[in-house]
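Chain by chain, the residues:
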Amino acid sequence: TQLLEQSPQFLSIQEGENLTVYCNSSSVFSSLQWYRQEPGEGPVLLVTVVTGGEVKKLKRLTFQFGDARKDSSLHITAAQPGDTGLYLCAGRTGNQFYFGTGTSLTVIP
Amino acid sequence: KAGVTQTPRYLIKTRGQQVTLSCSPISGHRSVSWYQQTPGQGLQFLFEYFSETQRNKGNFPGRFSGRQFSNSRSEMNVSTLELGDSALYLCASSLAGGATDTQYFGPGTRLTVL
């Protein structure tokens, strides 16, 4: 059983398009993180959000933590081929992180 | 500053064998966590070690075990390998494993069980 469900599972878009990835759960998390993983490498942390309703911007990436701290979204503006990778959300409850199912993004030049 | 290193990078074993994977954390990091990543189940938490003690454990059978040494290096052992143990095993280190600490992942060990 996955605590965190991500959608969509796969996404293939043209360079310059916008996209949103969703991370949903019925559980409440004390914090939520987003990672990007490229083939042959481990996940790399993009952002941590800790407050319900929090919005963080990282250049073309916008992250939002739901008011109830159960869900999150990642929005990418004007996607570039370098954004290609597996995006993972991870929610912390207690002393453990639970990872989402992942969204595989391909940006076509 | 060197990143998290994992050895070996690739491993092929047969059912029933056992395997030991190694993880060297970033210098100064005392918390090491292990994860299993498979296409079907995604990334799942195995256990976390801090100061040579297992602090947290995920929902895996007792065939999966680990330890941490005084220099914070960690090893993970899987005994009596099963086909379903084929996966990418990732370790991550952080300063103290706190709620706001950043986890830095290694490149993983790709284990194939035949």
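Figured I'd write up the structure that's included with this text.

Some thoughts on the sheet that holds strand β1 (residues 5-7) of chain A
Residue and element names in this part refer to chain A. Judged by pairing direction, the sheet is antiparallel, and its 5 strands sit side by side in the order β1-β3-β8-β7-β6 without closing on themselves. Because the sheet does not close on itself, it has two edges, and the strands there are β1 and β6 (55-58). With strand direction ignored, the average angle separating the axes of adjacent strands in the sheet is 15°.

Quick word on the side chain of S72 of chain B
Note on placement: S72 of chain B falls in the loop between β7 (64-68) and β8 (74-78). On the basis of relative accessible area, S72 of chain B is assigned to the buried category, the value being 10%.

A few points about the state of the cysteines
On inspection of all chains with the given rule, the structure shows 2 disulfides over all chains. Covalent S-S linkage joins C23 of chain A and C89 of chain A, the inter-sulfur distance amounting to 2.1 Å. Here C23 of chain A and C89 of chain A share a disulfide; its torsion about the S-S bond, 80°, makes the bridge right-handed. You can see C23 of chain A sitting in strand β3 (residues 19-24) and its partner C89 of chain A sitting in strand β9 (residues 85-93), a full 66 residues away along the chain. For C23 of chain A, a relative accessible area of 0% puts it in the buried group. Between C23 of chain B and C91 of chain B runs a disulfide, and the two sulfur atoms are separated by 1.8 Å. Measuring handedness by torsion sign, the sulfur bridge of C23 of chain B and C91 of chain B sits at about 65° and is right-handed.

Notes on the layout of surface pockets
Using a probe with the size of a water molecule, rolled over the atoms, empty space left in the structure can be pinpointed. Space inside the largest pocket adds up to approximately 580 Å³. Lining the largest pocket are 26 residues, and of these Q37 and L86 of chain A together with Q37, T38 and P39 of chain B lie nearest its centre. Looking at the lining of the largest pocket, the elements that each hand over two or more residues are β9 and β11 (103-108) of chain A together with β4 (31-38) of chain B. Broken down by element, the lining of the largest pocket gets its largest block of residues, 3 residues, from β9 of chain A. Tallied by class, the residues present in the lining of the largest pocket amount to 8 nonpolar, 14 polar and 4 charged.

Calculation criteria
Residues numbered from 1 in each chain as written. Chains lettered and ligands numbered in written order. Predicted model: local features only at pLDDT ≥ 70, side-chain atom pairs only at ≥ 80, totals over all residues. Heavy atoms only, no water. Pairing = 2+ DSSP bridges. Helix = DSSP H or I, 4+ residues; strand = E, 2+ residues; numbered from the N terminus. Axes fitted to C-alpha atoms, helices over the stretch in contact; angles between N-to-C directions. Buried < 20%, exposed > 50% of the residue type's maximum accessible area, 1.4 Å probe, protein only. Disulfide = S-S within 2.5 Å. 1 Å grid on protein atoms, 1.4 Å probe; cavity = no way out; pocket = protein on both sides within 12 Å on 5 of 7 lines; lining within 4 Å. Points joined across faces, edges and corners; volume = space filled by probe spheres on them. Nonpolar A, V, L, I, M, F, W, Y, C, P; charged D, E, K, R; others polar.

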